[in-house]
Amino acid sequence: MSGSEVRSTLKPPPKKALQAFHVGQVGGDTVGDYLAKGWSLAICCKACERLVEWTPPELARRFGDRPGTPIAAIVERLSCAGEHGCGSKEIAAFPHLYDEH
C-alpha cells in the first residue's frame, strides 16, 4: 500500500443489528445526499457477513448521472455476488463516513 492510499475504518455491524436490518431503515437518502455528506455506502451480506464499501468516488462513478437515486432502491437490487459472494439477496446497508474526509 502506498502512502497516498487510505485504509478504511469500516467494520461490520454487530450481528444482532445486521440480522435486524430492513431496507426501511435506510430512509429517504439519495446518492446525492451521500455524496454531499461525504458518506460511503457500506454493504454487508446478512448470510456470510461479506462487507463492501462503495466510497463517494465509487458512488459517483456508478450513479453520478443519477444523484436522485434512492439508496433504498440500490439496496433492494443488491445481492452477494461475484468471486467472493455467497449468492444471498439478504443485504444490509448503512452510511459510513468516508475516511478520506
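Presented here is a report on the structure given in the accompanying data block. (Residues numbered from 1 in each chain as written. Predicted model: local features only at pLDDT ≥ 70, side-chain atom pairs only at ≥ 80, totals over all residues. Heavy atoms only, no water.)

A count of helical and extended segments in the protein gives 4 helices and 3 strands. Written out in order from the N terminus, the α and β elements of the protein read α-α-β-β-α-α-β. Taking 13 Å as the expected radius of gyration for a compact globule of 101 residues, we find that the protein reaches 13 Å, a close match to that expectation. If you line up the protein on its principal axes, its C-alpha atoms span 35 × 35 × 25 Å. Burial analysis of the protein (101 residues in total) assigns 34% to the buried set. Sequence-distant contacts in the protein: of pairs separated by 6 or more residues, those separated by 24 or more amount to 73%. A distance of 5 Å separates the average location of the 12 positive side-chain charges in the protein from that of its 12 negative side-chain charges. (Helix = DSSP H or I, 4+ residues; strand = E, 2+ residues; numbered from the N terminus. Rg over C-alpha atoms; globule rule 2.2 N^0.38 Å. Buried < 20%, exposed > 50% of the residue type's maximum accessible area, 1.4 Å probe, protein only. Contact = heavy atoms within 4.5 Å. Lys, Arg positive; Asp, Glu negative; His and termini not counted. Charge placed at Lys NZ, Arg CZ, Asp CG, Glu CD.)

As summarised here, the arrangement of the 3 strands in space is S2-S1-S3, forming an open sheet in which the pairing is antiparallel. Two strands close off the open sheet at either side, each with one partner strand: strand S2 (51-54) and strand S3 (91-97). Across the sheet, the mean angle separating the axes of adjacent strands is 25° when strand polarity is ignored. Sheet topology note: the strand S1 (residues 39-45)/S2 ladder contains 4 bridges and is antiparallel. Counterpart to isoleucine 43 in the pairing with S2 is valine 52. Those strands touched by helix H3 (residues 56-63) are S1 and S2, and its axis lies near 75° from that of S2. (Pairing = 2+ DSSP bridges. Axes fitted to C-alpha atoms, helices over the stretch in contact; angles between N-to-C directions.)

Phi is positive for glutamate 49, close to 65°, though the residue is something other than glycine. You can call glutamate 49 partly exposed: its relative accessible area is 29%.

Applying the stated criterion to the full structure yields 2 aromatic pairs. Between tryptophan 54 and phenylalanine 63 the ring centres are 6.3 Å apart and the planes differ by 40°, which places this aromatic pair in the tilted class. Residue tryptophan 54 is classed as buried on the basis of its relative accessible area, which comes to 11%. Sitting over the ring of tryptophan 54, arginine 62 keeps its end group 4.0 Å from the ring centre. (Phe/Tyr/Trp six-rings, centres within 6.5 Å; stacked < 30°, edge-to-face > 60°. Lys NZ or Arg CZ within 6 Å of the ring centre and 35° of its normal.)

A few words now on the nonpolar core. Of all hydrophobic cores here, the largest spans 21 residues; its most connected members are Leu41, Trp54, Leu59, Ile71 and Ile74. When contributions to this core are tallied by element, the ones reaching two or more residues are helix H2 (31-37), S1, H3, helix H4 (71-77) and S3. If near-sequence neighbours (up to four positions away) are discounted, tryptophan 54 is found in contact with Ser40, Leu41, Ile43, Leu59, Arg62, Phe63, Ile74 and Leu78. (Core = buried A, V, L, I, M, F, W, Y, C linked by side-chain atoms within 4.5 Å.)

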